[in-house]
Amino acid sequence: MAYLYQANFDFKLVELPDEEVNPNAYIESVTIPMYQQKNIHSTTLIYGNNMPILKANKRYAVRVTTADTEKKVIFLNEDHSFVTTFTCK
């Protein structure tokens, strides 16, 4: 019988205070993110109306973390994705 591996994911979104801040350091240091969702069982997250409103011309950072409680798969970077930034237009 084959084992089907199912990873869970945590999503973290922060608003960056200015252009000078390092998004990698900032997302690590924020204790209360703008939005966070844990134990997502899908590789897709739809950002809907029930989530915080993104402001025009503001810069944001996003990071996804695997929540591999079984430790069946080894992920690099302490289970974190690269931090991605975007500006809401």
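Described in the following lines is the structure provided in the data block. (Residues numbered from 1 in each chain as written. Predicted model: local features only at pLDDT ≥ 70, side-chain atom pairs only at ≥ 80, totals over all residues. Heavy atoms only, no water.)

Concerning the nonpolar core
What counts, and what does not: Take the buried residues of types Ala, Val, Leu, Ile, Met, Phe, Trp, Tyr and Cys, join any two whose side-chain atoms come within 4.5 Å, and each joined set is a nonpolar core. Each residue's exposure class comes from its accessible area (1.4 Å probe, protein chains only) as a fraction of the maximum for that residue type: buried when under 20%, exposed when over 50%, partly exposed otherwise. Numbering of helices and strands runs from the N terminus, with a helix taken as a DSSP run of H or I at least four residues long and a strand as a DSSP run of E at least two residues long.
Among the nonpolar cores identified, the biggest contains ten residues, and these are Ala7, Phe9, Phe11, Leu13, Tyr35, Ile40, Met51, Tyr60, Val62 and Cys88. For this core, the secondary-structure elements that each account for two or more residues are β1 (9–15), β2 (35–40) and β3 (59–66). A per-element tally of this core places β1 first, with three residues.

As for the pattern of salt bridges
To keep things clear, this is the line we draw: Put simply, a salt bridge is a Lys or Arg side-chain nitrogen that is within 4 Å of an Asp or Glu carboxyl oxygen.
A complete count under the given rule lists three salt bridges for this structure. A salt bridge links Lys55 to Glu15, with the shortest nitrogen-to-oxygen separation between them at 3.6 Å. With a gap of 40 residues between them, Lys55 in the loop between β2 and β3 and Glu15 in strand β1 connect regions that are remote in the sequence. Among the residues examined, Glu15 registers a relative accessible area of 22% and is labelled partly exposed. Between Glu28 and Arg63 there is a salt bridge whose closest N-O contact spans 2.5 Å. With Glu28 in helix α1 (residues 23–29) and Arg63 in strand β3, this pair connects stretches of sequence that are 35 residues apart. Classification of Arg63 as buried rests on a relative accessible area of 9%. Several salt bridges converge on common partners, so that one network encompasses Glu15, Lys55 and Lys58.

Here we look at the pairing of β3
Here is the rule we go by: Any two strands are treated as partners once DSSP identifies two or more bridges connecting them.
Of all eight residues in β3, seven are buried; the element is thus mostly enclosed. As judged from the seven bridges shared by β1 and β3, these two strands associate in the antiparallel manner. Across the sheet, the residue bridging to Glu15 is Tyr60, located in β3. For β3 and strand β4 (residues 84–87), the ladder comprises four bridges, and the chain directions are antiparallel. By the bridge assignment, Arg59 is partnered in β4 with Thr87.

Details of the side chain of Arg63
Applied cut-off: Any N or O atom pair separated by 3.5 Å or less is treated as a polar contact, with the protein-specific requirement of one donor-capable and one acceptor-capable atom, and with residues adjacent in sequence counted only for side-chain atom pairs. Should any heavy atoms of two residues lie within 4.5 Å, those residues are counted as being in contact.
Side chain to side chain, Arg63 and His80 meet in a polar contact 3.4 Å long. If sequence neighbours within four positions are ignored, Arg63 has contacts with Asp10, Phe11, Lys12, Ile27, Glu28, His80, Ser81 and Val83.

A closer look at the environment of Asp79
Among the structural elements, Asp79 can be located in the loop between β3 and β4. Through-space distance from the C-alpha of Asp79 to that of Tyr60 is 21 Å; in sequence the pair is 19 residues apart. Contact partners of Asp79, with chain neighbours within four places excluded, come to Val64, Thr65, Thr66 and Lys71.

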